[in-house]
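The chain contents come next:
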Amino acid sequence: TSPRGPPHVALLSSPGMGHVAPVAELARRLHAEHGLTCTILTFASSDTPAQRAYLATLPPPITTLTLPSVPLTDLLPSAGAAAIETLLSVEAQRSVPAITSTLRRLKSTTRLVAYVADLFGADTLQAARDAGGVPGFLFFPSNLLMLSLMLHLPRLHAALPAGLEFRDLPDPVTLPGCVPVPGADLLQPLQDRASDAYRWMLHHAGKYRDAKGILVNTFDAAEPGAAAVFRDDEPWRPPVYPVGPVTRQTGNDGDDATGCVAWLDAQPDGSVLFVSLGSGGALPLAQTRELARGLEASGHRFLWVVRSPPPTPSADDKVDNNSSNPGESYYDGGGSRNGDDDPLRFLPPGFVDRTKEVGYVVPSWAPQARVLAHRATGAMLTHCGWNSVLESVARGVPMVAWPLYAEQRQNAVMLCEETRVALRPKVRGDGGGMVLAQDVAEVVEEVMRGEKGERARARVAELQETARKGLQPGGASYETLAHVVSIWRKD
Ligand code: UDP
């Protein structure tokens with residue numbers, strides 16, 4: 001006979017705070033709202049103090065377990081050249097035996113009703129099958145646009161003429177119900193069809209169909225067109241369940257070690273632009289300086305999480321936004337990039353001093369959820385990582401879109417053209433692909449005080465309210481998650 005007790009769910013998170021946090025917050029909701037107990041499996045490569053401290057904020061019915069490390073050195077030739085997507089995928093694939101034995105053990109000690117892997121973990125659905133038919137689901141921490149791209153990727157790939165890249169296509173890529181996305185703005189690993197990262201995305205795309213269902217960290221009102229398309233079940237793909245926004249709460253995002261929250265306390269309401277490029281985003285040196293000059297020229301108050309420029313290639317190289325690689329920082333849980341001991345030294349000489357009346361710069365990391373929730377925060381300049389976007393929406397903060405890697409460019413297209421909660425700085429042909437200081441100043445002025453900023457603020461306030469209601473009993477996302485739980489309880 002199987003063990004009794006509350007239903008138990010095992011969830012796997014890919015390395016990186018941007019993956020661990022939404023999985024952990026989903027577990028928190030499954031427990032608090034639906035009475036489930038959970039085990040969160042994480043990878044040895046992301047077992048950092050920052051991650052441990054964060055996971056320690058979970059209540060006791062949510063257990064965490066670090067999988068044994070698997071060898072990855074064959075993928076890390078001297079310069080660590082393997083793409084992050086390759087590392088995440090291979091680590092997951094090589095962990096299937098350990099996940100299988102963990103699920104077997106959980107099956108014998110708990111009432112295990114489901115296994116939920118995240119976006120790079122589709123290969124590990126095999127572990128759920130091997131462990132004796134545990135129903136295997138996916139939790140997709142990005143949006144429906146991105147999920148649609150993944151589910152349609154085998155078809156899009158087959159239709160891509162030999163020798164061409166997506167960015168060579170004359171027309172934008174149009175996915176059902178979604179905003180058209182120019183090929184050059186599609187998911188970064190799809191920009192080079194000969195790359196390992198491209199092959200891995202295609203591989204995952206095929207495996208997604210093995211899931212019994214896909215939970216997505218978005219909500220209907222954020223992507224109404226795509227939500228309508230996914231609402232009906234279709235035989236070629238698993239059912240899709242928008243259960244978001246599942247976001248980090250204030251209070252579990254670290255202490256105010258840098259004093260930025262105390263600084264915000266002294267600023268007027270809605271007066272501060274928060275500048276944050278995610279857990280791994282960093283700008284080349286020339287772009288960092290141009291951004292600094294633009295913030296200064298705008299005259300607006302700002303709180304800036306500054307990162308050191310990526311070490312390679314030459315930091316002064318012309319900006320190619322597609323090549324800003326999160327590198328190893330995906331594995332360190334954020335906040336302690338290799339050699340990032342004093343990022344402020346890359347700012348223009350005298351900048352910190354000249355702007356000290358209006359600006360506050362913090363090295364590497366800020367408690368973002370708290371900053372966004374602060375009454376003084378008026379807008380956010382973001383790399384458009386989906387967690388950051390959801391956190392901004394959940395706090396009613398309009399955005400300036402500054403996409404860097406992963407699916408951020410397509411997110412930016414959605415946010416600026418469909419959802420209309422973000423503004424985009426001009427990128428001039430003569431600026432070598434860089435956003436120039438005057439254009440930074442212009443977009444900052446517009447988002448803080450302009451008409452477009454006002455419209456984005458009104459729109460994000462509407463979305464914030466819809467999201468809030470959706471998470472209450474009777475709301476769309478709450479009831480969708482309740483429906484998934486009812487399927488798990490039945491199985
Ligand atoms: N984050 C933070 N402080 C920082 C930078 C990032 O707390 O200085 C958090 C942020 O709140 C979000 C996550 O790290 O929860 C970043 O996830 P996102 O999907 O936005 O971007 P990624 O880091 O995966 O590129």
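It should be emphasised that the depicted structure is a prediction, and the values quoted were computed from it without experimental measurement. (Residues numbered from 1 in each chain as written. Predicted model: local features only at pLDDT ≥ 70, side-chain atom pairs only at ≥ 80, totals over all residues.)

A few words on the nonpolar core. One finds Leu-11, Leu-103, Leu-303 and Val-400 to be the most contacted residues of the largest nonpolar core, which totals 144 residues. For Leu-11, the residues in contact, after removing those within four places along its chain, are Val-23, Leu-26, Ala-27, Cys-38, Ile-40, Leu-41, Val-116 and Phe-139. (Core = buried A, V, L, I, M, F, W, Y, C linked by C-beta atoms within 7 Å. Buried ≥ 20, exposed ≤ 12 C-beta atoms within 10 Å, placed from the backbone. Contact = placed C-beta atoms within 7 Å.)

For the ligand, the set of nearby residues contains 22 residues, the closest of which are Gly-18, Ser-279, Gly-385, Asn-387 and Ser-388. Broken down by element, the residue count for the shell around the ligand peaks at four residues, all from helix H13 (residues 386-394). For the shell around the ligand, a count of residues per class yields eight nonpolar, 11 polar and three charged. (Near = placed C-beta within 6 Å. Helix = DSSP H or I, 4+ residues; strand = E, 2+ residues; numbered from the N terminus. Nonpolar A, V, L, I, M, F, W, Y, C, P; charged D, E, K, R; others polar.)

Here we take up the packing of helix H3 (residues 84-94) against helix H7 (residues 196-207). With their axes 8 Å apart at the nearest point, H3 and H7 run at an angle of 45° to one another. Of the possible angle classes, the one that applies to H3 and H7 is oblique. Every pair of crossing elements has a handedness; the one defined by H3 and H7 is left-handed. The residues of H7 that touch H3, namely those facing Glu-85, Thr-86 and Ser-89, are Asp-196, Ala-197, Trp-200, Met-201 and His-204. Taken together, the residues of the contact of H3 with H7 break down into three nonpolar, three polar and two charged. (Axes fitted to C-alpha atoms, helices over the stretch in contact; angles between N-to-C directions. Parallel < 35°, antiparallel > 145°, perpendicular 65-115°, else oblique. Left-handed = near helix turned anticlockwise from the far one by under 90°.)

Next up on the list: the pairing of strand E3 (residues 62-66). Strand direction decides the pairing type here: strand E2 (residues 37-42) and E3, joined by five bridges, are parallel. Across the sheet, the residue bridging to Cys-38 is Ile-62, located in E3. (Pairing = 2+ DSSP bridges.)

Bringing the sheet that holds E3 into the picture now. Read across the sheet, seven strands follow the order E3-E2-E1-E4-E5-E6-E7 without closing on themselves; strand pairing throughout is parallel. Edge positions in the sheet fall to E3 and strand E7 (240-242), since each has one partner strand and no second. Looking at each pair of strands side by side, their axes are set apart by 25° on average, direction ignored. In this structure, strand E1 (residues 7-12) lies alongside strand E4 (residues 111-117), joined through five bridges in parallel fashion. Following the sheet pairing, Ala-10 is matched in E4 by Tyr-115. Its contacts with the sheet put helix H1 (residues 17-34) on E1, E2, E3 and strand E5 (136-140), and the angle it makes with E2 is roughly 170°.

Across the protein chain, pLDDT averages 92, with 92% of residues at or above 70. Considering only residues more than four positions removed or in separate chains, one finds that residues 314-330, a stretch of pLDDT under 50, has 44 contacts. Ignoring residues within four places in sequence, the model shows residues 332-339, a span with pLDDT below 50, making 24 contacts including any to other chains. Reported confidence for the predicted complex is 0.99 by ipTM and 0.94 by pTM. (pLDDT = per-residue confidence, 0-100.)

Packing of helix H10 (residues 285-298) against helix H15 (residues 437-449) brings their axes to within 7 Å, and their N-to-C directions diverge by 45°. If you check the angle between H10 and H15, you find them oblique. As for the relative orientation of H10 and H15, their crossing is right-handed in sense. Two secondary-structure elements touch here, H10 through Glu-290, Leu-291, Arg-293, Gly-294, Leu-295, Ala-297 and Ser-298 and H15 through Ala-437, Gln-438, Val-440, Ala-441, Val-444 and Glu-445. Split into classes, the residues belonging to the contact of H10 with H15 amount to seven nonpolar, three polar and three charged.

This part covers the environment of Pro-60. With respect to the element layout, Pro-60 can be found in the loop between helix H2 (49-55) and E3. A residue is classified by how many C-beta atoms lie within 10 Å of it, and Pro-60, with 7 of them, is exposed. In the structure, Pro-60 is positioned 30 residues away from Val-90 in sequence and 31 Å away in space, judged by C-alpha atoms.

Turning to H15, a few remarks are in order. The first and last C-alpha atoms of H15 sit 18 Å apart over 13 residues, in line with the 18 Å expected at 1.5 Å per residue. Those residues of H15 lying buried are Ala-437, Val-440, Val-443, Val-444, Val-447 and Met-448. With its buried residues spanning 130° around the axis, H15 presents them on a single face. (Expected span 1.5 Å × (residues − 1). Arc of directions from axis to C-beta.)

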